[in-house]
Amino acid sequence: MSKKLENKVCIITGATSGMGKAIAESFSNEGAKLILSGRNVERGNALAEQLQHAVFVAGDVSEPGYNEKLVQSAIENFGQLDLLSLNAGMLGLGNVVDLPETLWHKTLNVNLSAIFYLCKNAIPFIQKSKGGAIVINTSIAAFKSFPNHPAYCASKAAAAALMKQMAVEYAPNIRINAICPGPVDTPFLWDSAKAFENPDSAVEDAKKATLMQRLGTPEDIAKLSLFLVSEDASWITGTAITIDGGILNS
Ligand SMILES: NC(=O)c1ccc[n+]([C@@H]2O[C@H](COP(=O)([O-])OP(=O)(O)OC[C@H]3O[C@@H](n4cnc5c(N)ncnc54)[C@H](OP(=O)(O)O)[C@@H]3O)[C@@H](O)[C@H]2O)c1
């Protein structure tokens with residue numbers, strides 16, 4: 001059976017941990033050639049060695065020049081660019097009164113502006129692809145408020161709006177969608193616990209609040225991401241898909 005991402009080249013941000021790493025493993029299994037992004041050189045190089053046709057390029061996604069470098073690396077190494085999976089994110093915790101302006105700006109830069117920077121550089125190449133697709137990892141925080149998450153909620157809602165705008169602008173050549181995860185068992189989720197009134201029980205509370213009575217796994221998210229970038233989703237664009245064990249509906 002042919003692989004779903006044969007002859008496809010994808011840049012994956014946030015590939016050194018959690019969902020981005022699971023997405024990298026899944027896309028690689030389906031034949032994609034990968035540019036892996038993250039700041040942690042040890043984890044990035046280890047993943048690149050583990051996967052076939054994968055190159056790790058270290059850097060901070062909030063820097064415009066680094067995003068240009070990611071695209072250049074795709075073209076230099078593999079001669080084309082077809083797909084983006086944007087997962088890099090940060091929490092930037094603190095309520096509006098206490099949040100330092102620098103942390104507000106950094107959170108907006110990593111969670112929102114970085115998407116603009118990468119798409120700006122990548123779209124001219126993806127437009128040449130047959131079957132180009134972009135998946136932006138936002139969050140249920142795009143729709144629901146969480147304590148001490150003002151920068152996070154605002155940046156994720158804006159990322160979903162940016163996705164919709166770009167989907168209109170670049171159809172029919174490129175399909176652009178967002179995934180909106182609920183609580184997924186990664187280091188990020190455990191870090192977020194300190195924003196809640198009862199940090200010690202926050203993750204367990206989130207698990208119990210899901211209709212499915214479990215946290216998501218990075219592999220749950222990888223399956224949806226694979227579906228959305230593959231031809232199986234060829235009639236899906238401009239959509240933000242919630243994947244949250246039902247927590248938004250509980
Ligand atoms: N876990 C959840 O419950 C949850 C729920 C909804 C949405 N999300 C979203 O899912 C995405 C992935 O999160 P995760 O849960 O998989 O978290 P994770 O395991 O902590 O991974 C976060 C990734 O983002 C990268 N990253 C962070 N800041 C970066 C920067 N400035 N430059 C480059 N890379 C950066 C990290 O790489 P380095 O450390 O190597 O820089 C890491 O690979 C995030 O956008 C997050 O907002 C998470």
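Within each chain, residues carry numbers counting from 1 in the order of the written sequence. Since the coordinates come from a predicted model, pLDDT governs what is reported: local features require at least 70, and pairs of side-chain atoms require 80 or more to be given and counted, while whole-chain, interface and lining totals use all residues.

1. Things to note about the site of the ligand
Inspection of the region around the ligand gives 27 residues, with Gly 18, Gly 38, Arg 39, Gly 89 and Phe 188 positioned closest. In this text, helices come from DSSP runs of H or I with a minimum length of four residues, and strands from runs of E with a minimum of two, each type numbered from the N-terminal end. Of all elements in the fold, only helix H1 (18-29) and helix H6 (187-192) reach the threshold of two or more residues within the shell around the ligand. Looking at side-chain class alone, the shell around the ligand contains twelve nonpolar, 13 polar and two charged residues. Only the C-beta atom, placed from the backbone, is used; a residue is near a molecule or strand if that atom lies within 6 Å of it. Following the grouping adopted for this structure description, the nonpolar residues are Ala, Val, Leu, Ile, Met, Phe, Trp, Tyr, Cys and Pro, the charged ones are Asp, Glu, Lys and Arg, and the polar ones are all others, Gly among them.

2. What about the sheet that holds strand E5 (residues 132-137)?
Across the sheet, seven strands lie side by side as E3-E2-E1-E4-E5-E6-E7; this open sheet has parallel pairing. Of all the strands in the sheet, the pair left with one neighbour each is strand E3 (54-58) and strand E7 (240-243). Direction aside, the axes of adjacent strands within the sheet are offset by 15° on average. Only strands that DSSP links by at least two bridges are regarded as paired with each other. As paired strands, strand E2 (residues 33-38) and E3 are joined by five bridges and run parallel to one another. Between the N-to-C directions of two axes lies an angle of 0 to 180 degrees, each axis being a line fitted to C-alpha atoms and, for a helix, fitted only over the stretch in contact.

3. What to know about the pairing of E5
Backbone-placed C-beta atoms define the burial measure: a residue is buried with 20 or more other C-beta atoms within 10 Å of its own, exposed with 12 or fewer, and partly exposed in between. The element E5 is largely enclosed, with a buried count of six among its six residues. Pairing of strand E4 (residues 83-86) with E5, which is carried by four bridges, proceeds in the parallel orientation. What sits directly across from Leu 86, in E5, is Ile 136. Two elements, E5 and strand E6 (residues 174-181), share six bridges in a ladder whose sense is parallel. If you follow Val 135 over to E6, its bridge partner there is Asn 177. In the classification by handedness, the crossover that spans E5, the intervening helix H5 (residues 150-170) and the parallel E6 is right-handed. With strands facing away from the observer, any crossover in which the path from the first strand over the helix to the second runs clockwise is taken as right-handed.

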